[in-house]
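In case you want the letters, here they are:
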Amino acid sequence: MTSTMPNYDSSTPSSGQVWAWLEAVSDPEIPVISVVDLGVVRRVDCNDDGVKIVITPTYSGCPAMATIAHDIETELRRHNLQNITIVTQISPAWTTDWLSDKGKNKLEQYGIAPPQASGRPENCPQCHSSNVQKISQFGSTPCKALWRCNDCLEPFDYFKCI
Amino acid sequence: MDHAFEFLVRQGDNVLVLGHRLSEWCGQGPVLEEDIALANIALDMIGQTQLWLSYAAEVEGANRTADDLAYLRDAWDFRNVLLVEQPNRDFAVTIMRQFLFDAYHVPYLHALESSKDQRVAEIASKCRKEAIYHLERSSSVIVALGDGTEESHKRMQAALERLWPYTGELFLSDETDDAVAESGLAPVLNDVKARWLQTVQSSLKDAYLQMPDNDFAQIGGKSGIRHSEHLGHMLSTMQVLQRSYPGAQW
Ligand SMILES: [Zn+2]
């Protein structure tokens, strides 16, 4: 994050303010978490010329990127920002390490097991049993795999760890 | 010939053509999970195509976009290896083709991460994360089916023998390969081959499949000189929208 000098011109908000506004932009495919929690927003630069937001795709073919850029712009326009530039960058490559703890908790409450370094979900997000089994390495979106709980028998999404 | 452009188009075309082949399974997979998996891998590869062909278009500087390169070139201008344009046939051929490519893709992208061109290194680093995941899956399916039923074993062995002559092209250097290795843009192909062979030998052994000892190689894909007839048929489907409604946008 880049902070700029305090700016008292009401037309240019601080980057901290913009980060806070972006918390209201949810991921189009997992609406319980914000694009900030997901780690997709990498950088916010504010200066007299306007606001520049740098975003990065989770997966290179992530079909949600266009929607995310559009939703960010819509949200910032709601706060009367005019000159908004959204830049996509791929390096450094997105990693699940950028998912915030808040984001991980929200995922679990929503029924998606958060990513684990071990490469497998710790427990079933429904009943918390650790007796779980992989059904497929791929799931309903590029960022998820499909697992099943052997105790409550519910299938669930697991957020892939990359 | 601009070797950098040629090299970038080769990278883009490999994943574009293979990604399109995989997408042909969408709605027709043997089970729902496989259908979803193949569609997801296709999506990753089309995303990777966007990265490579966008850069190729910039390097070319002829006012073409990634979409122009994908949808408005004819078969002879495609620079993918012959392996990836081979038709899906049955699930055994599809998954064997994927495995043989993934086993090459991972070490090749790894080497590209040290490219002298920073943009190439960045793209490779993004793509490799996805390719590792693809290889994990294709190698485990190879083993499950090779060491599965009598029928699945027979089909996997047949798929391996059918596709084997198309693997040689991945590692046979031509003028472009030599030039980009020389300039530090890309690795020497022979160095990648050793790592490919290691992965292939070890997975085939676990799958109880017999590696063919024939090293005859079909070539002519990455140079564009002699694509198989399958590519033209594939492009006629892939490009139909832009050919019928030039400039159409979503
Ligand atoms: Zn459960």
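Residues numbered from 1 in each chain as written. Chains lettered and ligands numbered in written order. Predicted model: local features only at pLDDT ≥ 70, side-chain atom pairs only at ≥ 80, totals over all residues. Heavy atoms only, no water.

### Details of the overall build of chain B
- When its secondary structure is counted, chain B shows 11 helices and zero strands.
- For chain B, whose C-alpha radius of gyration is 17 Å, the value lies close to the compact-globule estimate of 18 Å for 250 residues.
- Expressed as lengths along the three principal axes of its C-alpha atoms, the size of chain B is roughly 55 × 40 × 30 Å.
- For chain B, the residues scored as buried account for 53% of the 250 residues in total.
- Counting only contacts in chain B whose residues sit at least 6 apart along the sequence, the fraction spanning at least 24 positions is 80%. (Helix = DSSP H or I, 4+ residues; strand = E, 2+ residues; numbered from the N terminus. Rg over C-alpha atoms; globule rule 2.2 N^0.38 Å. Buried < 20%, exposed > 50% of the residue type's maximum accessible area, 1.4 Å probe, protein only. Contact = heavy atoms within 4.5 Å.)

### Focus: the domain arrangement of chain A
All names here are of chain A.
- For chain A, the domain assignment lists domain 1 (2-94) and domain 2 (111-159).
- Here the C-alpha centroids of domain 1 and domain 2 sit 30 Å apart.
- The partner domain 2 presents six residues to the six residues of domain 1 that form the contact.
- Between domain 1 and domain 2, roughly 510 Å² of surface is buried when both sides are summed, and carbon and sulfur atoms account for 84% of that area.
- A per-residue breakdown of the area domain 1 buries against domain 2 is headed by Glu29, Ile30 and Tyr59, which together make up 72% of the total.
- On inspection of domain 1 and its partner domain 2, the count reaches zero salt bridges.
- For the interface between domain 1 and domain 2, the tally reads zero residue pairs in polar contact (both at pLDDT 80 or more).
- Here the side of domain 1 that touches domain 2 is built from residues that sort into five nonpolar, no polar and one charged. (Domains from an automatic or database assignment. Buried area = accessible area lost by both parts, 1.4 Å probe. Salt bridge = Lys/Arg side-chain N within 4 Å of Asp/Glu carboxyl O. Polar contact = N/O pair within 3.5 Å; in protein donor to acceptor, adjacent residues only side chain to side chain. Nonpolar A, V, L, I, M, F, W, Y, C, P; charged D, E, K, R; others polar.)

### As for the pattern of salt bridges
- All told, the structure shown has 21 salt bridges over all chains when counted by the stated rule.
- Between Glu73 of chain A and Arg77 of chain A there is a salt bridge, with its nearest N and O atoms 2.9 Å apart. Taken as a pair, Glu73 of chain A and Arg77 of chain A lie in helix α2 (residues 65-78) at a separation of four residues, close to a single helical turn.
- Between Arg243 of chain B and Asp74 of chain B there is a salt bridge, and its shortest N-O distance comes to 3.3 Å. You can see Arg243 of chain B sitting in helix α11 (residues 240-244) and its partner Asp74 of chain B sitting in the loop between α3 (66-71) and α4 (82-85), a full 169 residues away along the chain.
- On the basis of relative accessibility, which here comes to 33%, the residue Asp74 of chain B falls in the partly exposed class.
- Residues joined by salt bridges that share partners form a network here, namely Glu23, Asp37, Lys102 and Lys106 of chain A.

### A short note on the interface of chain A and chain B
- Taken together, the contact pairs 22 residues of chain A with 21 residues of chain B.
- Across the chain A to chain B interface the summed buried area is about 1800 Å²; carbon plus sulfur atoms make up 63%.
- Of all residues in chain A, Ser60, Ile90 and Phe138 of chain A give up the largest surface area on contact with chain B, accounting jointly for 38% of the area buried on that side.
- Across the contact surface, chain A and chain B share zero salt bridges.
- At the junction of chain A and chain B, the tally comes to seven residue pairs in polar contact (both at pLDDT 80 or more).
- When residues of the side of chain A that touches chain B are traced back to their parent elements, those giving at least two are β5 (132-136) and β6 (144-149) of chain A.
- Residue composition of the side of chain A that touches chain B, by class: 12 nonpolar, nine polar and one charged.

### Points about unusual backbone geometry
- At the junction of Ser91 of chain A and Pro92 of chain A, the peptide bond is cis and its omega measures out at -5° in the coordinates.
- Considering the arrangement of structural elements, one finds Pro92 of chain A in the loop between β3 (84-88) and α3 (101-110).
- Look at His128 of chain A: it is not a glycine, yet its phi comes out positive at around 70°.
- In this fold, His128 of chain A is placed in the loop between β4 (112-113) and β5.
- Look at Arg89 of chain B: it is not a glycine, yet its phi comes out positive at around 50°.
- Arg89 of chain B gets classed as partly exposed once you look at its relative accessible area, which sits at 44%.

### Concerning a nonpolar patch on the surface
- Together, Val240, Leu241, Tyr245 and Trp250 of chain B make up a nonpolar patch on the protein surface, roughly 590 Å² of accessible area in all.
- One can find Val240 of chain B in helix α11. (Patch = residues over 30% accessible without salt bridge, like charges linked within 9 Å, V, L, I, M, F, W, Y side chains within 5 Å. Areas by Shrake-Rupley, 256 points an atom, 1.4 Å probe, with all protein chains shown as cover.)

### A look at the pairing of strand β7 (residues 155-159) of chain A
- Within β7 of chain A, four of the five residues are buried, leaving the element largely enclosed by the surrounding structure.
- Turn length for the β6 of chain A-β7 of chain A hairpin, with the two strands adjacent in sequence and antiparallel, is five residues, and the turn residue Leu153 of chain A shows positive phi of about 65°. (Pairing = 2+ DSSP bridges.)

### A look at the nonpolar core
- Within the largest apolar cluster, 85 residues are counted, with the highest numbers of intra-cluster contacts made by Phe7, Trp52, Met96, Leu100, Leu112 and Ile142 of chain B.
- By residue number, the principal contributor to this core is helix α5 (residues 91-112) of chain B, which donates 14 residues.
- Counting residues in each nonpolar core, the second largest holds 34 residues, with Val25, Val41, Cys46 and Leu81 of chain A among its members. (Core = buried A, V, L, I, M, F, W, Y, C linked by side-chain atoms within 4.5 Å.)

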